[in-house]
Amino acid sequence: MDNECKCNCNCNKTEDSRYVDLKAFIDSMSGVDGAAMPILQEAQRIFGYLPLEVQKFISDHTGVPIAELYGITTFYSQFSIEPRGKHHVGVCLGTACYVKGSQKVLDKVSEDLGIRVGETTADGMFTLDATRCLGCCGLAPVMMIDEDVYGKLEDMDAIPGILAKYKR
Ligand code: FES
């Protein structure tokens, strides 16, 4: 692959294939209205998160002000400016789950993993989030790990066993 940056920006990122891939995607979106959102989504997919360095790269190559990019990344929960764990744990704090005790679920997960909401474990395995309604209120209280849904979590003693399946 030709790793030469063609933008004359002197960004010195061309030895990192992730930036090469991102630049190719940015180029493919040239002239597309509202391209910032898909570019950020692609950057999140490539890097796993969106540190300021990556946002600055996007800004430099699209002309979109970094303040605007930062506003988007901090507004939408699909984006993260911190490294994410291999597994994403989301405990629903929507109304139906909350009245069924999801705060206790969140506290138990937090205790078991040793992290608070928004944090990632030191080994990079888990990121913990509190979420809005996950759309399965009949199963309240609900927790999702990656794409797996765990409902009716009324027995806090079951939580460590569920998490253990993802620690392997
Ligand atoms: S409130 Fe938790 S799934 Fe709807």
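Residues numbered from 1 in each chain as written. Predicted model: local features only at pLDDT ≥ 70, side-chain atom pairs only at ≥ 80, totals over all residues. Heavy atoms only, no water.

(A) Structural context of helix α1 (residues 17–28). Here α1 spans 16 Å end to end across twelve residues, near enough to the 16 Å set by a 1.5 Å rise per residue. Inspection of α1 places Tyr19, Val20, Leu22, Lys23 and Ile26 among the buried residues, and these make up the whole buried set. Considered in projection along α1, the buried side chains sweep an arc of 165 degrees and stay on one side of the axis. In this fold, the buried residues of α1 make contact with α2 (36–47) and α3 (52–62). (Helix = DSSP H or I, 4+ residues; strand = E, 2+ residues; numbered from the N terminus. Expected span 1.5 Å × (residues − 1). Buried < 20%, exposed > 50% of the residue type's maximum accessible area, 1.4 Å probe, protein only. Arc of directions from axis to C-beta. Contact = heavy atoms within 4.5 Å.)

(B) The pairing of strand β1 (residues 87–92), seen in detail. A large share of β1 lies buried, amounting to five of its six residues. Across six bridges, the pairing between β1 and strand β2 (residues 126–131) is parallel. Directly across from Val89, in β2, lies its bridge partner Leu128. (Pairing = 2+ DSSP bridges.)

(C) The packing of aromatic side chains, seen in detail. On inspection of all chains with the given rule, the structure shows four aromatic pairs. One aromatic cluster is present, formed by Tyr19, Phe47 and Phe57 through successive ring pairs. (Phe/Tyr/Trp six-rings, centres within 6.5 Å; stacked < 30°, edge-to-face > 60°.)

(D) Here's a closer look at the domain arrangement of the protein. Domain boundaries assigned for the protein yield domain 1 (17–75) and domain 2 (87–167). On a C-alpha basis, the centres of domain 1 and domain 2 stand 30 Å from each other. (Domains from an automatic or database assignment.)

(E) Structural detail: the pattern of salt bridges. Evaluation of the coordinates by the stated rule reveals eight salt bridges. Where Lys23 meets Asp27, a salt bridge forms, and the shortest distance between an N and an O atom there is 2.8 Å. Taken together, the residues Lys23 and Asp27, both in helix α1 and four residues apart, mark about one turn of the helix. Its relative accessible area of 13% is what places Lys23 among the buried residues. (Salt bridge = Lys/Arg side-chain N within 4 Å of Asp/Glu carboxyl O.)

(F) Highlighting the sheet that holds β1. With mixed pairing, four strands are arranged side by side in an open sheet as β2-β1-β3-β4. The two strands at the open ends of the sheet, each matched to only one other strand, are β2 and β4 (148–150). Looking at each pair of strands side by side, their axes are set apart by 20 degrees on average, direction ignored. Here strand β3 (residues 143–145) pairs with β4 via three bridges, running antiparallel. Pairing of Met144 across the sheet is with Val149, part of β4. Most of the contacts of helix α6 (residues 102–113) go to β1, to which it runs at about 150 degrees, and overall it touches β1, β2 and β3. (Axes fitted to C-alpha atoms, helices over the stretch in contact; angles between N-to-C directions.)

(G) The side chain of Ser80, seen in detail. As for its position among the elements, Ser80 is in the loop between α4 (66–75) and β1. A relative accessible area of 7% means that Ser80 is categorised as buried. A polar contact of 2.7 Å, which involves the side chain of Ser80, links it to the backbone oxygen of Glu82. In this view, Ser80 contacts Gln44, Tyr49 and Leu50; residues no more than four positions away in its chain are not counted. (Polar contact = N/O pair within 3.5 Å; in protein donor to acceptor, adjacent residues only side chain to side chain.)

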